[in-house]
Amino acid sequence: MIFFTAYKEHYRELIRLGVPIVIGQIGIVIVGLADNMMVGQFDTLHLAAASFVNSAFNIPILFGLGFSYGLTPLVGQSFGRHDRFRVGQLLRNSLLTNLFIGLLLTLIMTFVWFNVDKMGQPEELLPLIRPYFLLQLASLPFVMLFNSFKQFADGITDTRTPMYIMISANVLNIIGNYILIYGKLGLPAMGVVGAGISTLLSRILMFAAFAALFYRSIHYRRYYIGYRRGQYNTKDILSLNKMGWMVGLQMGLETALFSISGIMIGWLGSVALAAHQIMIAISTLGFMIYYGVGAAVSVRVSNFYGRGDILNIKRSTMAGFHIMLCLVMVACTIFFFAQNVIGFLFTTSPEVIGLVSSLIVILMIYQLGDALQIIYANSLRGIGDVISMAVISFIGYFLLAMPVCYICGFILDFGITGIWIGYPVGLTLTGIMLCGRYYWKLKDGRLFR
């Protein structure tokens, strides 16, 4: 009872903060699946075009999301000190910085658009790829601007408002898909282009809705003064860039591990690649749930860091780890009993189903490592120690996991199973190193030096 009493408040607050983040992130996954299903029902070529473009935009969107995460601990620390003026000023500078990053990503992806015909895609897909690509391109600045408002809200522990906006936008996106893809309400059927228009409009509306709430809501009035009277300044912009680039790099490295290993699996043939895609879809859903708890830990840790409260920094992190262990046990139990069923949900191929069944065991093994690295990466983000977080991630994902994937998959000839062995190795060792770094920072007052 004494142990539970020490952590009870932290459990409650982490669940309160984390559940809306989880719901919002799962909503994004579900809408992505709905987009593919609706476009696929229209035409196979349109689905192939959407698949290529969405894959191409995964890296800039995830990097942009990671970059925007740099705002949360800065806002959280100021919120912990009750410095509302600075919170508003940070949001002002974040909107400028994120807009610049959004335009930079747009410029990079514009270069990709001009060279899309050199990427080995079938000629018949190019007339569908080009307009859909441009629509996704136009949405990048709005994604980054919305991210600024979302991370600001998360930093002040208001995780419900972004959830409501994201769910509403996702529902509108699905309705827009139905009208524009299939040509309802007297409009022509536009297929994948219609899906692109719907996505662009939903992303514009997400930003516009949050901006309107911020400017007009009484709830945000206390931060609006700092936003209105604060100045664009080099110090805040440099801090946001330092945090953002490191967090974006850390998330990008993890994404790159799965993307590059996916290319390796493609060398093994279509059956192995199909099994890998099914497993990635399952693991992504788990990752979204874990990361919701991790994001809540980052918010709580940053609040206590701003107050100089080292005891509650430790307790928030440990409470997050306790919750994550419970989620890991639930996930592993589901995977264990559904081991021979999961493949049937995606395909009728007995070869693919058999591979999925065998890979589930490895998926279960790396759940703890995944939870470990998410919790301690977010704790380090909360105290602003992002450079070491990015360096450790590079070592874990690229210098350790990637060679194991290649050696076990091809030199030892274990195939897709060997490549997947690299995931628990990389994630677990990364988690252990991040944990070690976290406790080193908390040792002997180093945290506040």
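Our next topic: the side chain of Asn177. Note on placement: Asn177 falls in helix α6 (residues 160-182). Asn177 has contacts with Asp35, Met38, Tyr182, Gly194, Ala195 and Ser198, leaving out every residue within four places of it along the chain.

Take the pattern of salt bridges next. Under the criterion given, the structure shown has 4 salt bridges. Lys150 is the salt-bridge partner of Asp154, the closest N and O atoms lying 2.9 Å from each other. Of the two residues, Asp154 and Lys150 are both situated in helix α5 (residues 126-155); the distance of 4 residues between them amounts to about one turn of the helix.

Right, let's get into the state of the cysteines. Throughout the structure, instances matching the rule amount to 0 disulfides. The structure places no disulfide on Cys326, whose sulfur is separated from the nearest cysteine sulfur, that of Cys332, by 12 Å. For Cys326, a relative accessible area of 45% translates into the label partly exposed. Cys435 takes part in no disulfide bond, and the closest cysteine sulfur to it belongs to Cys326, at a distance of 18 Å.

Looking now at the packing of helix α9 (residues 234-266) against helix α10 (residues 270-307). Between α9 and α10, whose axes approach to 9 Å, the crossing angle comes to 165 degrees. The orientation of α9 with respect to α10, classified from their angle, is roughly antiparallel. Classified by chirality, the crossing of α10 by α9 is right-handed. Contacts between α9 and α10 involve Gln250, Met251, Glu254, Phe258, Gly262, Ile265 and Gly266 on the former and, on the latter, Ala272, Leu273, His276, Ile280, Phe287 and Tyr291. Across the contact of α9 with α10, the residue classes tally to 8 nonpolar, 4 polar and 1 charged.

A separate point is the side chain of Thr72. Examined against the element boundaries, Thr72 turns out to sit in helix α3 (residues 71-80). With near-sequence residues (within four places) excluded, Thr72 lies in contact with Gln151, Asp154, Gly155, Val299, Ser302 and Arg381.

Glancing now at the packing of α3 against α5. The contact between α3 and α5 brings their axes to 8 Å, and the two run at 35 degrees. As α3 packs across α5, the resulting crossing turns out to be right-handed. On α5, the residues touching Leu71, Thr72, Val75, Gly76 and Phe79 of α3 are Ser148, Gln151, Phe152, Asp154 and Gly155. Its residues assigned to classes, the contact of α3 with α5 comprises 4 nonpolar, 5 polar and 1 charged.

Residue position: Met288 is located in helix α10. On the basis of relative accessible area, Met288 is assigned to the buried category, the value being 17%. Taking the C-alpha atoms as reference points, Met288 and Glu124, separated by 164 residues in sequence, lie 35 Å from one another.

The rules behind these values
Residues numbered from 1 in each chain as written. Predicted model: local features only at pLDDT ≥ 70, side-chain atom pairs only at ≥ 80, totals over all residues. Heavy atoms only, no water. Helix = DSSP H or I, 4+ residues; strand = E, 2+ residues; numbered from the N terminus. Contact = heavy atoms within 4.5 Å. Salt bridge = Lys/Arg side-chain N within 4 Å of Asp/Glu carboxyl O. Disulfide = S-S within 2.5 Å. Buried < 20%, exposed > 50% of the residue type's maximum accessible area, 1.4 Å probe, protein only. Axes fitted to C-alpha atoms, helices over the stretch in contact; angles between N-to-C directions. Parallel < 35°, antiparallel > 145°, perpendicular 65-115°, else oblique. Left-handed = near helix turned anticlockwise from the far one by under 90°. Nonpolar A, V, L, I, M, F, W, Y, C, P; charged D, E, K, R; others polar.

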